[in-house]
Amino acid sequence: MNYQRHNLCLYFCFAAGILILVGCAPEVRKPLEICPGKDSVAEAVSALESHWQNMVPLKANGQCLLEYYVEGKQKPQKEKFSVKLWVNPPVEMYLQGDVTLVPKAIVLGSNQDEFWLSVRAKEISTYWWGEWSQQDSSLTLMINPKTLLEALGIAAVDAQPNWSLSNEGAFDVLTKREWGVVVKKIYVYSCDYLVRKIEYFDVYGQVAVVAELDKYKQVLEGFFVPASIKIIERADDNPKESLSITLDLKSIKSTKITAKQQNVLFNRPQPRGIKRVIRIVGGNWIEQPQ
């Protein structure tokens, strides 16, 4: 794991309760029913789009429990946060994580042009931001709001040659390749055609990040959102550099976003009172003077 990615994982993990929860024990579940899968990428995309086209602006509250390792300690550390989330599809998102006595300890946001992550904690005071037009596939997933948007149901797929379709038991699996290397897999449960897992691969074709989606709730007719979003970042060379986060949403509702809310939530804030400001260009960190 490179230096930038390692440090970002530690920063994000320590203060972030933004996305994910670690389950205490695996649930005993009944075997999934197996239904016939789709016959082509185009048919699979059409079925997925029948869900996505019903997506509306939403608001949610919940809890987050983050598990990560600190250098020199054998046991993983855990941080618990309350979170608030607003989504205005397809690209506008705002997530706020609050810690006791530290409101807005974490703020993650995006709009059509930019994304940003602000972390305020005892050991960390850092602000990352970038423009979508200046990024490539090397953009670190853990600070990429598109990962959360995809986990919420906007998993962009098109019926192009770089996607293929296979079936693995109860799941249709959509696989994306770039230059012959697998970069993403989307696992769709064949019976309801809701996404249950998304795997992101590194440049070596190894799984780097996994998003697991569960406990779907119906917000409106034809529009379902996962109440449990678990994201795991894997480190092949050292398990203690891995981290996991689970967002446990207790309230998911459709909402109307006013012009005032849109201006406040989805415009990138200035990094006032932040010690370190980093701009991300093509996956590279460029520290900016204060």
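As the structure is a prediction and not an experimental result, all values here were calculated from the model.

Caption draft 1: Spotlight on the packing of aromatic side chains. In the structure shown here, the tally under the stated rule is 4 aromatic pairs. With centroids separated by 5.8 Å and ring planes inclined at 55 degrees, the aromatic side chains of Trp86 and Tyr94 adopt a geometry described as tilted. Tyr94 carries the same exposure label as Trp86, and that label is buried. When the centroid spacing of 4.7 Å and the interplanar angle of 40 degrees are considered together, the rings of Phe115 and Trp132 count as tilted. Within this pair, whereas Phe115 is found in strand 5 (residues 114-120), its partner Trp132 is found in the loop between strand 6 (125-131) and helix 3 (145-151), the two being separated by 17 residues in sequence. Trp132 shares its class with Phe115; the two are buried. We note Lys38 situated over the ring of Tyr193; from NZ or CZ to the ring centre the distance is 5.1 Å.

Caption draft 2: Molecular detail of the nonpolar core. In terms of nonpolar packing, the biggest core is built from 58 residues, with Leu85, Val87, Met93, Leu174, Ile186, Val195 and Ile229 touching the most fellow members. A total of 6 residues in this core trace back to one element, the largest contributor, which is strand 11 (residues 207-220). Those residues in contact with Val195, other than ones at most four positions away along the chain, are Leu48, Ile186, Tyr187, Val188, Leu213 and Tyr216. Residues Trp86, Val107, Tyr127 and Val277 belong to the second largest nonpolar core, which totals 11 residues.

Caption draft 3: Summary view of unusual backbone geometry. For the bond from Pro89 to Pro90, the omega torsion is 10 degrees, close enough to zero to count as cis. As for its position among the elements, Pro90 is in the loop between strand 2 (77-88) and strand 3 (92-99). Phi at Trp179 takes a positive value of approximately 55 degrees, unusual for a residue other than glycine. By the element assignment, Trp179 lies in the loop between strand 8 (171-178) and strand 9 (181-189).

Rules used throughout
Residues numbered from 1 in each chain as written. Predicted model: local features only at pLDDT ≥ 70, side-chain atom pairs only at ≥ 80, totals over all residues. Heavy atoms only, no water. Phe/Tyr/Trp six-rings, centres within 6.5 Å; stacked < 30°, edge-to-face > 60°. Buried < 20%, exposed > 50% of the residue type's maximum accessible area, 1.4 Å probe, protein only. Helix = DSSP H or I, 4+ residues; strand = E, 2+ residues; numbered from the N terminus. Lys NZ or Arg CZ within 6 Å of the ring centre and 35° of its normal. Core = buried A, V, L, I, M, F, W, Y, C linked by side-chain atoms within 4.5 Å. Contact = heavy atoms within 4.5 Å.

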